[in-house]
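Read off the chains here:
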Amino acid sequence: MAWYTAVFLGLVQGLAEFLPISSSGHLLLFEHLFGVNTDGLLFTIVLHLATLLAVVVVYRKKLWTLIRHPWQKTNWRLLLATVLTCGLVLITKPLLDPLFTVGALPFTFIVAGVVLLLPTIFPRRPATNPWLTAAVVGCAQGIAVLPGLTRSGCTMVAGQLCGLSQTEAADFSFLLSIPIILASLGYELLAGGTLGTVNWGSLSLAFITAFVAGVVAIKWLLNLLSKVDFRGFAVYLLLLGGGLLLLSRGFQMF
């Protein structure tokens, strides 16, 4: 893989993993449009590890508190959400596998855009039971496994609909990404697949780019959510999905 391709994909992964626009959807789209070859499982693992490290760095103080006090309720709520996510994914994966294609992206991007508008449509309600909130967020994350259905967006919206503020929902979503990234890595390794060619230069560039972009995306989004909502991201996804749908019909893109 060329170094500039690795940098580009690392940038896409780092930004879109945490901004509510879907990293898996954008990576799948760019791979299709530009004929990009990710060189197998190893490249995917490197990108996941980079974004994992980004969360750990940004949330290091909160993580240290959670580690020092392992029996606190936040840890159990994160565990509940993770278990529900993994269970839902394992149950629905055989049904959803046909949708893991670039042809489904116009529709999943549009659905994701509509989902991001939900907090602006429904007035904020009083906070529900924290355990119920964790369960709802975990289920939302399980549904968002499809490329184009943004994981961060669906989980943050689910948290808000349960009464969390935008920043509270973002914090829980980003902390929840840690066990989910680890779980997805474990699943990919167990599922097998070729590691691909090892180009340490390109892999290093991809890792660094994804890590830096991930840190920037998390900090920027947290600052942004203290001032505005998701409508800008929703408009972007609706336009992207609608544009892809029109192009696919007119030019046989997919």
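Predicted model, so just to flag it, every value in this text is computed and none were measured. (Residues numbered from 1 in each chain as written. Predicted model: local features only at pLDDT ≥ 70, side-chain atom pairs only at ≥ 80, totals over all residues. Heavy atoms only, no water.)

**Student:** Tell me what's going on with the overall build of the chain, and back it up with residues and numbers.
**Tutor:** Within the chain one finds 11 helices and zero strands. For the chain, the α and β elements follow one another from N to C terminus as α-α-α-α-α-α-α-α-α-α-α. Relative to the 2.2 N^0.38 estimate, which gives 18 Å for 254 residues, the radius of gyration of the chain is 18 Å and therefore close to what a compact globule would have. Along the three orthogonal principal directions, the C-alpha set of the chain runs to about 45 × 45 × 35 Å. Looking at the chain as a whole, 48% of its 254 residues qualify as buried. A total accessible area of about 12,400 Å² is found for the chain, and carbon and sulfur atoms account for 73% of it. Separation between the mean location of the 14 positive side-chain charges and that of the 8 negative ones in the chain comes to 13 Å. (Helix = DSSP H or I, 4+ residues; strand = E, 2+ residues; numbered from the N terminus. Rg over C-alpha atoms; globule rule 2.2 N^0.38 Å. Buried < 20%, exposed > 50% of the residue type's maximum accessible area, 1.4 Å probe, protein only. Areas by Shrake-Rupley, 256 points an atom, 1.4 Å probe, with all protein chains shown as cover. Lys, Arg positive; Asp, Glu negative; His and termini not counted. Charge placed at Lys NZ, Arg CZ, Asp CG, Glu CD.)

**Student:** If you had to explain the packing of aromatic side chains to someone new, which residues and values would you point to?
**Tutor:** Scanning the model with the defined rule gives five aromatic pairs in all. Centroid distance Phe18 to Phe174: 5.7 Å. Interplanar angle 80°. Geometry classified as edge-to-face. Separated by 156 residues along the polypeptide, Phe18 in helix H1 (residues 3-18) and Phe174 in helix H9 (residues 166-191) bring together distant segments of the chain. No difference in accessibility class separates Phe18 from Phe174, as the two residues are buried. A ring pair is formed by Trp71 and Trp76, whose centres lie 5.9 Å apart and whose planes are at 25°; its orientation type is stacked. (Phe/Tyr/Trp six-rings, centres within 6.5 Å; stacked < 30°, edge-to-face > 60°.)

**Student:** Tell me about the packing of H1 against helix H2 (residues 23-34), residues and numbers included.
**Tutor:** Close contact between H1 and H2 brings their axes to 8 Å; oriented N to C, the two are set at 155°. Between H1 and H2, the crossing angle belongs to the class labelled roughly antiparallel. Handedness of the H1/H2 crossing: right-handed. Taken together, the residues of H2 that come into contact with H1 (itself represented by Phe8, Leu9, Val12, Gln13, Ala16 and Glu17) are Ser23, His26, Leu27 and Phe30. Taken together, the residues of the contact of H1 with H2 break down into six nonpolar, three polar and one charged. (Axes fitted to C-alpha atoms, helices over the stretch in contact; angles between N-to-C directions. Parallel < 35°, antiparallel > 145°, perpendicular 65-115°, else oblique. Left-handed = near helix turned anticlockwise from the far one by under 90°. Contact = heavy atoms within 4.5 Å. Nonpolar A, V, L, I, M, F, W, Y, C, P; charged D, E, K, R; others polar.)

**Student:** Quick rundown of a nonpolar patch on the surface? Include the residues and the values.
**Tutor:** Residues Trp71, Trp76, Leu79, Val83 and Trp131 make up a contiguous nonpolar surface patch of roughly 570 Å² in combined accessible area. Top element by residues in the nonpolar patch is helix H5 (residues 73-96). It accounts for three residues. On the secondary structure map, Leu79 appears in helix H5. When its relative accessible area of 42% is taken as the criterion, Leu79 is described as partly exposed. (Patch = residues over 30% accessible without salt bridge, like charges linked within 9 Å, V, L, I, M, F, W, Y side chains within 5 Å. Salt bridge = Lys/Arg side-chain N within 4 Å of Asp/Glu carboxyl O.)

**Student:** Residue-level account of the pattern of salt bridges, with values.
**Tutor:** Counted by the stated rule, this structure contains three salt bridges. Where Lys93 meets Asp97, a salt bridge forms, and the shortest distance between an N and an O atom there is 3.0 Å. For Asp97, a relative accessible area of 36% gives the class partly exposed.

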